[in-house]
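Understanding the architecture of this molecule
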Amino acid sequence: MGLWGGAPEWIELSGGRLLWWPGAFAAEADAWLAQLGREIPWRQHRLRLFGRELDEPRLSCWMGEAAYRYSGRTRAPEPWHPLVAEMRRRLEALCERPFNGVLLNLYRDGRDSMGWHADDEPELGPDPLIASVSLGAGRRFLLRHGGGERRELMLDHGSLLVMAGEMQHHWQHALPRMAGVTEARINLTFRYLPPQGREE
Ligand SMILES: O=C(O)CCC(=O)C(=O)O
Ligand SMILES: [Fe+2]
């Protein structure tokens, strides 16, 4: 693999498919991490949990062409940042699918995280294809099937993970806290929201 790191690999799961490509953006990753860290309008959003409001344990930004209902809130999109628009074009060519929105998350260090969930919001349509680019600190990505099966991947700097097929019906995923991680991580999940039901 040399300088380019890991090659792409399809992982077949019961009720879903993952494309895992650790070295997908090895060449661009340093520049992307630095520029996105500086230029994205990162915000602290609030989370409703058991009737209480809490800060989400990360910063985030929803970008693209469509409003998105997420954790009980509707978020108006930020306009495409030129670099994110370029990443979108690359991923569309690679996945042979359109993307019209992206959720960007900034995990400031190992104390930031994302809890168990599926990306199964109705706006995403029945079997969404989600392309996830990771930059910065390597973090564990956990998957669990409704029937008990578990998987774990390390999402390293410059890696691409595509979740496809019926994944979001049968599996949940999470990004747990990781003690000892002091560096930031940026993750971008490119999504396609079909026009029906889209709020402009
Ligand atoms: O940060 C990650 O790798 C996961 C992000 C995620 O699951 C999401 O944005 O829905
Ligand atoms: Fe997710």
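Residues numbered from 1 in each chain as written. Chains lettered and ligands numbered in written order. Predicted model: local features only at pLDDT ≥ 70, side-chain atom pairs only at ≥ 80, totals over all residues.

1. Regarding helix α1 (residues 29-39)
Where we set the bar: Whether a residue is buried, exposed or partly exposed is read from the other C-beta atoms within 10 Å of its own C-beta, which are placed from the backbone; 20 or more gives buried, 12 or fewer gives exposed, and intermediate counts give partly exposed. Strands here are runs of E lasting at least two residues and helices are runs of H or I lasting at least four, both read from the DSSP assignment and numbered beginning at the N terminus. Arc definition: it is the arc formed by the directions from the helix axis to the C-beta atoms.
Ala29, Trp32, Leu33 and Leu36 are the residues of α1 that are buried. End-on view of α1: buried residues confined to an arc of 100°, all on one side of the axis. Opposite the buried face of α1, by more than 90 degrees, sit the exposed residues Ala31, Ala34, Arg38 and Glu39.

2. Section: the pairing of strand β13 (residues 159-164)
Rules: Paired strands are those between which DSSP finds at least two bridges.
With respect to burial, β13 is a largely interior element, 5 of its 6 residues being buried. Where strand β10 (residues 130-136) lies against β13, 5 bridges are found, and the strand directions are antiparallel. Note that in β13 the partner of serine 134 across the bridge is serine 159.

3. Brief notes about the site of ligand 1
Let me state the cut-off plainly: We count a residue as near a molecule or strand when its backbone-placed C-beta atom lies within 6 Å of that partner.
Looking at ligand 1, the residues that line it are Leu103, Asn105, Met114, Asp119, Ser132, Ser134, Phe141, Leu155, His173, Leu175, Asn187 and Thr189. Those elements that provide at least two residues to the shell around ligand 1 are β8 (101-107), β10, β14 (171-175) and β15 (185-191).

4. Side note on the sheet that holds strand β12 (residues 150-155)
What counts is decided by this rule: Working convention: axes come from line fits to C-alpha atoms, limited for helices to the stretch in contact. Angles between N-to-C directions cover 0 to 180 degrees.
The 4 strands are arranged β9-β14-β11-β12 in an open sheet whose pairing can be described as antiparallel. Looking at strand neighbours, the two that pair on one side only are β9 (114-117) and β12, the edges of this open sheet. Between one strand and the next, the sheet's axes are offset by a mean angle of 15°, whatever the strand orientation.

5. What about the environment of valine 162?
Filter applied, for reference: Throughout, a residue-residue contact means that the two C-beta atoms, derived from backbone geometry, are no farther apart than 7 Å.
For valine 162, the position within the fold is in strand β13. Once the C-alpha coordinates of valine 162 and glutamate 78 are considered, the two residues, 84 residues apart in sequence, prove to be 23 Å apart. Here valine 162 is in contact with Leu18, Leu19, Cys95, Leu129 and Ala131, once residues within four sequence places are set aside.

6. Some details on the pairing of β10
For a regular strand, side-chain orientation follows a simple rule: the groups alternate between the two sheet faces. The element β10 is largely enclosed, with a buried count of 7 among its 7 residues. Two strands pair when backbone bridges link them, and β10 and β15 are joined in this way by 6 bridges, in the antiparallel orientation. Directly across from serine 134, in β15, lies its bridge partner asparagine 187.

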